[in-house]
Structures are given as C-alpha cells and as structure tokens.
Amino acid sequence: MFIYLSKKIAIPNNIPLKCVSWNKDQGFIACGGDEALLKVLKLETQTDDAKLKGLAAPSNLSMNQTLEGHIGAVQVVTWNEQYEKLTTSDETGLIIVWMLYKGAWYEEMINNRNKSVVRSMSWNADGQKICIVYEDGAVIVGSVDGNRIWGKELKGSQLAHVAWSPDSKILLFGMVSGEVHIYDNQGNFIMKMTISCLTAANGAVSIAGIHWYAGTRGYVEPDCPCLAICYDNGRCQIMRFENDEKPVCIDTLMNVVSIQWNHCGSVLAVAGSLRASNKEKEFNVVQFYTPFGEHLRTLKVPGKQMSGVGWEGGGLRIGLAVDSHIYFANIRPDYKWGYCCSTVVYAYTKPERQEHCVVFWDTKNNEKFVKYVKSLMSITTSGDFCILASKADETQPQEDAGCEGVSPAKYVLILCNSIGTPLDSKYINIDPLFVTMTKTHVIAASKDVFYLWQYRVAKKLTALEINQVTRTKKGGRERVYHIDGSPSGANDSGQNSEKSLPATRDPICCITATDKTLVVARESGTIHRYSLPNVVLIQKYSLINRAFYMSLNCNSSRLAIIDISGVLTLLDLEVCSAGDNGADHAAAGDPSKFERKDVWDMKWANDNPDLFAMMEKTRMYVFRNLDPEEPIQTSGYICNFEDLEIKSVLLDEIMKDPERPNKDNLINFEIRSLRDSRALIEKVGIEDASQFIEDNPHPRLWRLLAEAALQKLDLKTAEQAFVRCKDYQGIEFVKRLGNLQREPMKQAEVAAYFGRFEEADRMYLDMDRRDLAINLRIKLGDWFKVLQLLKSGSGDCDDALLEQAYNAIGDYFADRQKWANAVQFYLQGRNQERLAECYYMLEDYDGLERLATDLPENHKLLPEIGQMFATVGMCEQAVNAYLKCKQPKAAVDTCVHLNQWNKAVELARTLNMKEIKSLLSKYASHLLEKNKTLEAVELYRKAHHFLEAAKLMFKIADEEAKKRSRPLRVKKLYVLAARLVEDYHEHVKTSQQSKVQGKKSEATFALAGLLEEDATSSDDRIVDNAWRGAEAYHFFLLAQRHLYAGYMENAMRTALHLREYEDVIPAVEIYSLLAICSAANRAFGTCSNAFIKLESLESLSPEQRQPYEDLALEIFTKHPPKDRVIQPSSSPERPAGKMPTCIATGLPIRACQFWMCSVCKHCADEHEISKYNCCPLCHSPLM
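- The name that an unreviewed UniProt entry assigns to the protein chain is WD repeat-containing protein 35, with the source organism given as Menidia menidia.
- Its UniProt record gives the protein chain a comment under Subunit (unreviewed entry), which states: "Component of the IFT complex A (IFT-A) complex. IFT-A complex is divided into a core subcomplex composed of IFT122:IFT140:WDR19 which is associated with TULP3 and a peripheral subcomplex composed of IFT43:WDR35:TTC21B. Interacts directy with IFT122, ITF43 and TTC21B. Interacts with IFT43. Interacts with CFAP61."
- If you open the UniProt record of the protein chain and go to Function (unreviewed entry), you find "As a component of the IFT complex A (IFT-A), a complex required for retrograde ciliary transport and entry into cilia of G protein-coupled receptors (GPCRs), it is involved in ciliogenesis and ciliary protein trafficking. May promote CASP3 activation and TNF-stimulated apoptosis."

This is the structure we're talking about:
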C-alpha cells in the first residue's frame, strides 16, 4: 500500500481536537475538542467529468455543522451506523445522542450521572446496544431507543476502554491499570485477559486503544487475528479471539494515542508520535500493520499533538486529528489483482465465506467468471495466464505427498487461464511472498530463496511434446536458488526444494522478470541481476533505499524501481562503456538523475523500451525518453500500455460493488503523439501528418494514417502506411479496392472495412447490388438482416438461402434457450431435427407426436423421437415411433424399461419375438432375489402372467399365515391371490375367443378356454381351490365377530363349518374357537367333542395338552357334556347333497333361491346380502 497526505481542514479559533470518528456507511466525520467543540463534516466529490472518480475527483465539504449542547471538552465520539445516530460525551459526564433530520443533526436524548466522567462508549455490531463505561467503574448497557438494559458498579476498578465482540456475547473492559477484563453481555465476570505484549516492559502503562473488527466485510483469511489491544508505550497485541494464547505481538516503538482497523480488517492504523534517534524532538506518525504484525507503511504527519484517527468507509482515506486541524491522507491499497488477455482479475472477501472470491472479468464481452480460493496470498498475471498463490488446503490431496519422506507442502501455485480454469498447479514449501511470471516461467520468492517453475500449457503442445513433458524430470522444470548463492548455470539444476535452507541476513524484498532477465532486490538496497532461462548471476547493483516495486522494460535494458517511500528511480542495466565521461551522465536524458516522488504504480510500454506511464498521487504521467507529457487526473491502476494507449482500471470503484463490475470503471488514455497525429490528420491533411509520423514512427500511428487515407480513397498512401505497420490484411484490402472500377463500390467496401455496416448496406442497395449486401450480412452472421433483405427485394429470392436464414435465426434463439421462438423459424426452414429438439425442450409432446406422424417411414429422426418419448415415460408414442422405423426390439425394450409388461408381451406375441418370456422371468427372479416379491407380482400381473402372479401371492399369504400375522391381513392376501386366478380364467377365455374365428356359441368358447386351461395348468390346487384360503380366514373372522356381537348360536355354527379348513388354519386354533363358541352357547356336547379333539392332537406336546385337560375337567365337572338343542348336520329339505354356506352369516342356506357373487362365485342368503354394498368375501361391488 502507499499513503500520502492530501487535504487539511482547520478548526476555527484554533481549538485543539480531542477525538475524531468517521461514519463508515454515510461518510460523516465527527470531531470533538476543547471549549465544548463538536462538529460534523462531510467530504463529497463534486465533478461533471465522468472519468474523474474516487480519489482523483476534487472533494469539498458538503456539510460543516457545529453541534451545540455540551458544556465541557468533548472527549468521546462514536457512531451508530445502522441507525444513523451519533453519541458524544464531554468531560462533565454529559452524554448526548444526536439524530439526522432533514439534512441536519439534532439532539435526540441527553443523560448525565453527575458522578463521573465517561471514558469510552461502544455500539455493538448490529447497532442495537451501547455500552458506556465511566472512570469510577460504573457500566451502563442501553438499547438504541434509549432504554437501560442493565447497569453495574465494578467496585475498585477504574475503567478506560470498552469493546464488544463481533457476536455481541462478550464485553472487554480496559482498566486504567492496563489490565483487560472479559465479561459476558449480562455483566458477569469471566476472566482476565493474558497480556503477552507487555513482557519485559518497564514502568506504568495505560491502554491507548482496543478495537475488535466485527467481520462485516469478511476476513483476509480463515482464523485471522481481528482483536487489537495497544498500549501507550507502543506495545500491541493482535488476537484471534478473547483468550487466544498465541497472539501476534508488535513493538511499534511509538507513544500511541489511538488505533483503528480499516473497513475489512486487513490494515491496522496505529497513531501517535515517534522520537527521532538523533533529536530530542518528537514527530507525529501513523504506522500501518497487517493482522499478522507485518509493517506496511509509516506516514509522517506535521503538528505537535495527534489525538485521534478514523478510517473512511471504503478504506481509501484516513482522517487524523492533530492540534486544531484534521488531516486527510489518501491510501492506495495493495489490491490482489492482475490483467491478462483483456481480463481484469481481482479478489475480494465476503462476510459469509471464508475463501477469497476471485473474479475473472472479461472486459471485452463484459462477462465474469468467479472462483473461490482459500487463503489467497497474491494474483500475478502475464500474457494470457494468471498465477494464484495461496496456502495449501490440508484437506486436498497433493502430488508427491504420498511419497516416503515427503511432507505435505504448505503453499500452492495455481496456473489459470483468463476465465479461471486451472491448467496446472505446483505445491511448494517456499513461502511465495513475491511472485512474478513471464511467458515461460513462474518465479516465486520467500525472504531467503527463489523458486523457478517452467510452466507449459498443454493446448499449445503437440501430442509428442506432451509425452516429452510427462517424461521430463521434476528437476528439469523446477529449481530453487538461495539468495546468498552465485549460480553459474553450468549443469546447475538448483537446490532440492525439500531441504531446509538457511536464513539470510539480507532478505529479499521484491522481484521482477522478463523472458531473458530476472531481477531480485534485497532489503539492504542490493539488486541481483540473473539471466534466464539458465540462471546465472550476471551483476549486482547498490541502491540507497529498499525497493518496494520493480519493473523491467520490454527489452530488459532498463529497470524502474519504486522504493518504500514512493520514490521512482531508473537503473540502466546495459551500462555505458568506461570511456564515457561524467559530463554525459549529467545530460537531460541520463536515467541515473531521474527521480519522481509519491509514485505508487508504473508500467512500461510493451512495444517501446523508452516509454512508460506512472501514477503520482492522483495524476498519471507518460514519459518518453524521460520527458513527461502533461498529466492526466485519475486514480486508476494501470493495466496495460500498448499501441500508444494506456488501459487503466478504477479498482477503488469496482471494489465498492465487486459482484457487478462496470465498463465505466475501465478507462483508455491516448498518449500525446497519438492525439497529435489524429489532430493533424483531421485539421491539416494527410501529407503533413505523414511527415510528422515519419519523424515519430510507430505502427499505431502508421495504422491511423492508413485508415485516414482509406477514408479519402488515397490508396497509394494507405498502401505505404499498411506496409510500414506490417498489416498484410490491410495491404490485400487496398489491392482489392484498386481492382474495383466504380467509386461508390470502393466507398461501400471502405465503410464495411471500418464497421459502418448500415452505411455499406445503403450504398450497395443504392447501386442495386442486393446480393452484395446479403453476402456482407452473411459474413457478419446477421441473419435477421439477411432475412429482411431477402424479403424486401422484388422478384423471387433463393429458396435455399431463405431456408438457411430461417434455420440460422432458429439456431440463434435455440442457443439462447428461447425454444418457442426457435420453433417458428425451424418450421419455416423445414429443419425437422432441430424442431424435434425444440419440442422436447418445450415439453410440447403433442407437437413431437405430430412431427413423428408426418415423418416418412424409416426416417433417421424416428429413433431419436422414440428415445425422447421413452425418457419422459410416454410408452405408446415411443413404441409407435420405433415401429414406424422398423425397430421392434427397441419398442419392446422401451416397454420393458417403462415396466409396461402387458404391452411388451402383446408386442412380442404380435411380432413373434421369443425372448420376452425369458426376459420377464429374468427380471422377476432379479426382483425375488432382492426380496421384492410384491414388485414381482405386479410385474407378472402387468404382463398378463396371472398364474405366476397368483403363485407368488399364495406364497406370500402362506408365509404370513405361518408368521401368525393379523387374520384380516392374511385374508386380504388370499383374496388377492384368488382374484389373480380369476383374472387368469378370464384371460384364457378372452384369448381363446380371439383365436377362434367365425360365429360360434359361448359354450364353445368356454369349452375351448377350459381345455386350454387344462393343457397349460400345472398346479391344480391353485386353479381349482383358489378361494379356499380366503374362505378359511373369512369364516374364522366371521365366527369371532358373531361371538363378540353375542350371536352365540351363529358363532358356533360358523366354527363348526371351519372344521373343513384344517389344512389352512391350524387345528388348535379352529377347535379352541369351537370350544369357546359352544361353551358360550351352552352346547357342552359340542364343547366336549372339541376338547377331545384338542387333547388328541399330535401336534401338541404333553406339556401343551395338560392345560386343555385341566380346563376340560373344570368345565365338565360342573356341566354335563350334552347339547341344549339337537344340532342338525344337514337340511331335511336337501337330502341329496351338501348345502352351500352363506358367506354373510356362516350358516347353511336352506332356501332354494339365493344370491351368488359374479367374481368369487360364492353364495349368500338374499335377505342377508341386501345389508351389504360389497361381497363379504372378495369385496367386489354388488351389481
């Protein structure tokens, strides 16, 4: 970073200032001082020039309001930025809260304890609470609306400072004694803070400042120190959190009065005074440090006594209260940025992410690509590529890390292209504090060593060269050199980077390189010059000051050096011969005499070794042969200097809204010779301009002359100028123009050459050459204009060209995913392939179906359309498409894939395909292996293989019955299995009907169906007794329902009927139920028979039988084993055969007329069934 004083504002009546605070959001500056002085100021830029932005624009006071209300010297001022409030306090203890109303500040609240003086006030991060500490130990925490939340007296403590933690859970209290105490946000003491920085400090100390950065703009890197505590003796410690055991300790050697973090926590300003080594007098300084304690800059400030420091919201300015003045200093931050291939690469931090957000902004197309990099250290660019240096992520795998004895590297260099795509990376153990790159090498340096990596980009290599690269040893592409060594280049592969290298007494402070030269600067002022690619130490040079930034010109003959105090000097590397006398060195063009102050950026021209641009404060100077041109007012960072044009980027403006970079923040400046040449051509003429350019030759000037000559159709001058700037295409164009006869035709071609296409169109049409206008637009790819020209002409136009135009416009809309617009043009262009794609993207499946119908058979597009339908599950349409293009196997595969097995089987039968059954069984066995039996049942059912489905269903039901699951669930499973058998009967019958041709009776069909069933059925039990399991569990449940409903007679009769189902329900359960029902019905004879059966069951062990015997003894000692009524076993009305059982009551049906279910063919009493809506057994609706 670079800093310089830019403005001074005097306070009236020379009243000394005590404090200053800058509102980071709204830009107000509050300053308090003696004699109850309180002022609010605001600096605003006022300019009409769009190019003048940021620090370069002149700033004036837009507000200068004196706030009256205090009665003593104002000692504390603090802003609440979220609620636009200012809180101030004076030496009498009076606190005033000020609010902004209609552009002016007014008192909102006043408070005075009248006991002690306020030493510090602090708002928390969200502006909801303020903590006020008094010298006598009183603490008050209040809300933003003026209510007291809590108050506390810290007995025996004298308070001096207070700070909130970023999450508002912790309060730090700084004591007059120098101690820091940690409290929670309710005022409960937690612990004393360990102060490491005061080790070996003598005498009494007091706290100069405590500032805890709240993380509102993100952090420089994860786990970054953000809590700064500084003492008046210059000792300072920066901590990660309140009880950090390893803080960063700094000794600033100053008498400190105030400290403050900048807006993003990357720079800490420490303000105070410093005693000169050889003088008694002290002078005011501000020192700037990173969160890791590295010193960045020192700013000397005039005046006697500094009393406060405040950062501007964007971190570009700092305000300093000195005596009765406010000094403003401008800051040029060291942004992490670079420029490659028309792309500005820059990094910034976000509060919600730990990583740096790296933006690759393509300024030509105004597109941006974002990449997130953890612990980013620097961005370096060259040519088309960019190097991102960062700390290695421990979670990521590293090359060579798995090798024995190789520890994981700490840092990584990532080579990216201009859109942020990583092309290569290198893990290194050298801290890359300084990185530079050329077209072939990346050079990274720590304080002791520098590392060379010869990178290669695969896209520019042939296959053979890529193989050679992979075979190249690591040592051939990577080398490490110690700064104290003297490499000779002879068989020198550098040192092994894995070895620990000794520290140097004279560390490296910056580096730069071109394709053939590497320059390394050291803190002592020594500069080493090495050759590249073979690293040989050629020469050493000595400077007075330490270099901060260096740059070599395009032919490596001259080195520009900006030292740490901002002084730019030049060093000739190709030194003059010894015979030159001293008088020559004193000449005006002597680089050794060149010196400019307050320089913070510079860039050599890429095409002229004597041309460079530099930034001095807020002015840009261009030097040609060390002669400056008139300065340009700007605060931009120089991206590129080429073709007499300087490209500059206003990074300060971009960083205000880094997610939306604006082309207005990219500025091009033309240097004087280019401006003069243009003025000569416009005002004097081509001949005089040609003479001027001859005296000041440059390819850009010759190109300017060639373009001006073309405009005037001076083809001879244009050709000569194109030859001088080596523009072969230009020469060819001039020759083509020379072959044209007509003047208007030449003018039209020139207009097209300069991109004035509308003008060229108009000229062609005036000449009645619509074909040339169309060809021009085709070359430009402007198919809308081509279509317009084709339609506007009289007479017939070329149909093929018209279709091409329609299709090209369709492509235009399709590329932008405007499918509906594309469809209209593809229809007119008869482009069926792209039309299908658009219908598919629009999900217009009706349109796709219409297209498939319109296509002829065996069209190459039909399989694609079939695939489109298949991917969205539209089986029928997919099958039609496949059948139309004679791909039956694909049609069947689609049915199988979409689980439409019935359709698959039907197709397979129609097309005589044999493999469908094997495929079906294979898929079913696959499902059964995975225990997905129900899915297999559904598969067979869909494929109309009802018998296989029924077998699986009966298996499931039998397994559930064995597990003694709920009887109702078992009944449902048996019903489902039986229904599948009925579906099988129906399927056999209908298939037989379709086979038998002609008019035959239903009986014939039924007989044919039964015969086929007999032929195909292998399992008689399943086909003949399908309903047996369902009947058993139906009557089992029915008997229990009767029992619980109190119909004992019906319960017993239903239980008696259950005796026929001993093969389905265990006999123990049947006879146990019968015994209960008959005992309840007081039919002890039947009960006795049931007990006899239970005691004689072989399935029961003697231990299991014993309880039945004991229970029988207990019952039949009380009740004789006789039935109350005689139990008729059969109806006297039907002696010939067995009576059907009613499925509604469980009783035999005695009547001759009864109801029969159409599905399960079971009977019920007509009177009883009238109470039901569904069949009690199979649950099919009653018709």
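Read on, since the account is not over.
**Describing the confidence of the model for the protein chain**
Thinking step 1. Of all residues in the protein chain, 89% have pLDDT values of 70 or greater, and the mean over the chain is 85.
Thinking step 2. This model gives residues 461-476 a pLDDT under 50, and the stretch forms 12 contacts once residues within four places in sequence are excluded.
Thinking step 3. This model gives residues 1129-1136 a pLDDT under 50, and the stretch forms 11 contacts once residues within four places in sequence are excluded.

**Looking at helix α14 (residues 799-815)**
Thinking step 1. End to end, α14 covers 24 Å across 17 residues, agreeing with the expected 24 Å (1.5 Å per residue, within 8%).
Thinking step 2. By the burial criterion, the buried members of α14 are Leu801, Leu802, Ala805, Tyr806, Asn807, Ala808, Ile809, Gly810, Phe813 and Ala814.
Thinking step 3. The inward-facing, buried residues of α14 contact α12 (770-780), α13 (783-792), α15 (819-829) and α16 (832-842).
Thinking step 4. Gln817 sits one or two residues past α14 and shows a positive phi near 60°.

**Here's the deal with the environment of Lys597**
Thinking step 1. Turning to its location among the elements, Lys597 is positioned in the loop between β48 (595-596) and β49 (599-604).
Thinking step 2. By relative accessible area, Lys597 is classed as exposed at 55%.
Thinking step 3. In the structure, Lys597 is positioned 20 residues away from Lys617 in sequence and 9.0 Å away in space, judged by C-alpha atoms.
Thinking step 4. Setting aside chain neighbours within four positions, we find Lys597 in contact with Gly566, Val567 and Glu616.

**A short note on the environment of Leu518**
Thinking step 1. Looking at where Leu518 falls in the secondary structure, it is placed in strand β42 (residues 517-522).
Thinking step 2. C-alpha of Leu518 to C-alpha of His528: the two residues are 10 residues apart in sequence and 8.2 Å apart in space.
Thinking step 3. For Leu518, the contacting residues outside a window of four places in its chain are Ile443, Phe450, Leu452, Thr512, Ala513, His528, Arg529, Tyr530 and Leu532.

**Quick look at a nonpolar patch on the surface**
Thinking step 1. On the surface, Phe189, Ile190 and Met191 cluster together into a nonpolar patch covering about 260 Å² of accessible area.
Thinking step 2. With relative accessibility at 45%, the residue Phe189 sits in the partly exposed group.

**Concerning the sheet that holds strand β44 (residues 536-542)**
Thinking step 1. Strand order in this open sheet of four strands is β41-β42-β43-β44, and the pairing throughout is antiparallel. Sheet topology places β41 (508-513) and β44 at the edges, where each strand pairs with a single neighbour. When strand polarity is set aside, the average angle formed by the axes of neighbouring strands in this sheet is 20°.
Thinking step 2. Taken together, the five bridges between β42 and strand β43 (residues 526-531) define a ladder with antiparallel strand orientation. Counted as the bridge partner of Val519 is Arg529 from β43.

**Some remarks on the pairing of strand β25 (residues 295-301)**
Thinking step 1. Sheet topology note: the strand β24 (residues 282-289)/β25 ladder contains six bridges and is antiparallel. Looking across to β25, one finds that Asn284 is bridged to Val301.

**Topic: the pattern of salt bridges**
Thinking step 1. This structure, assessed with the given rule, holds 48 salt bridges.
Thinking step 2. We note a salt bridge from Glu355 to Arg353, for which the minimum N-O separation is 3.2 Å.
Thinking step 3. The class for Glu355 is partly exposed, based on a relative accessible area of 21%.
Thinking step 4. Between Asp811 and Arg834 there is a salt bridge, and its shortest N-O distance comes to 3.0 Å.

**Comments concerning the packing of aromatic side chains**
Thinking step 1. Within the structure shown, the criterion is met by 34 aromatic pairs.
Thinking step 2. For the ring pair Phe612 and Phe623, a centre distance of 5.1 Å and an interplane angle of 10° mean the geometry is stacked. Of the two residues, Phe612 is situated in strand β50 (residues 611-616) and Phe623 in strand β51 (residues 619-624); the sequence distance between them amounts to 11 residues.
Thinking step 3. Taken together, the aromatic side chains of Phe594, Trp604, Phe612, Tyr621 and Phe623 make up a single cluster linked through ring pairs.

**Concerning the environment of Leu452**
Thinking step 1. Examined against the element boundaries, Leu452 turns out to sit in strand β39 (residues 449-454).
Thinking step 2. Its relative accessible area of 1% is what places Leu452 among the buried residues.
Thinking step 3. In the structure, Leu452 is positioned 11 residues away from His441 in sequence and 6.6 Å away in space, judged by C-alpha atoms.
Thinking step 4. Contact partners of Leu452, with chain neighbours within four places excluded, come to His441, Val442, Ile443, Arg477, Glu478, Arg479, Tyr481, Leu518, Leu532 and Val535.

**Some words on the packing of helix α17 (residues 845-854) against helix α18 (residues 862-871)**
Thinking step 1. Running from N to C, α17 and α18 cross one another at 155°; their axes reach a closest spacing of 11 Å. Judged on the interaxial angle alone, α18 and α17 are roughly antiparallel. In the crossing of α17 with α18, the sense of the turn from one axis to the other is left-handed. Contacts between α17 and α18 involve Tyr845, Leu848, Glu849, Leu851 and Ala852 from the first element and Leu862, Ile865, Met868 and Phe869 from the second.
Thinking step 2. Looking at the contact of α17 with α18 residue by residue, the class counts come to eight nonpolar, no polar and one charged.

Reading the values: the criteria
- Residues numbered from 1 in each chain as written.
- Predicted model: local features only at pLDDT ≥ 70, side-chain atom pairs only at ≥ 80, totals over all residues.
- Heavy atoms only, no water.
- UniProt positions renumbered as here; feature names shortened; annotations may be inferred.
- pLDDT = per-residue confidence, 0-100.
- Contact = heavy atoms within 4.5 Å.
- Helix = DSSP H or I, 4+ residues; strand = E, 2+ residues; numbered from the N terminus.
- Expected span 1.5 Å × (residues − 1).
- Buried < 20%, exposed > 50% of the residue type's maximum accessible area, 1.4 Å probe, protein only.
- Patch = residues over 30% accessible without salt bridge, like charges linked within 9 Å, V, L, I, M, F, W, Y side chains within 5 Å.
- Areas by Shrake-Rupley, 256 points an atom, 1.4 Å probe, with all protein chains shown as cover.
- Salt bridge = Lys/Arg side-chain N within 4 Å of Asp/Glu carboxyl O.
- Pairing = 2+ DSSP bridges.
- Axes fitted to C-alpha atoms, helices over the stretch in contact; angles between N-to-C directions.
- Phe/Tyr/Trp six-rings, centres within 6.5 Å; stacked < 30°, edge-to-face > 60°.
- Parallel < 35°, antiparallel > 145°, perpendicular 65-115°, else oblique.
- Left-handed = near helix turned anticlockwise from the far one by under 90°.
- Nonpolar A, V, L, I, M, F, W, Y, C, P; charged D, E, K, R; others polar.

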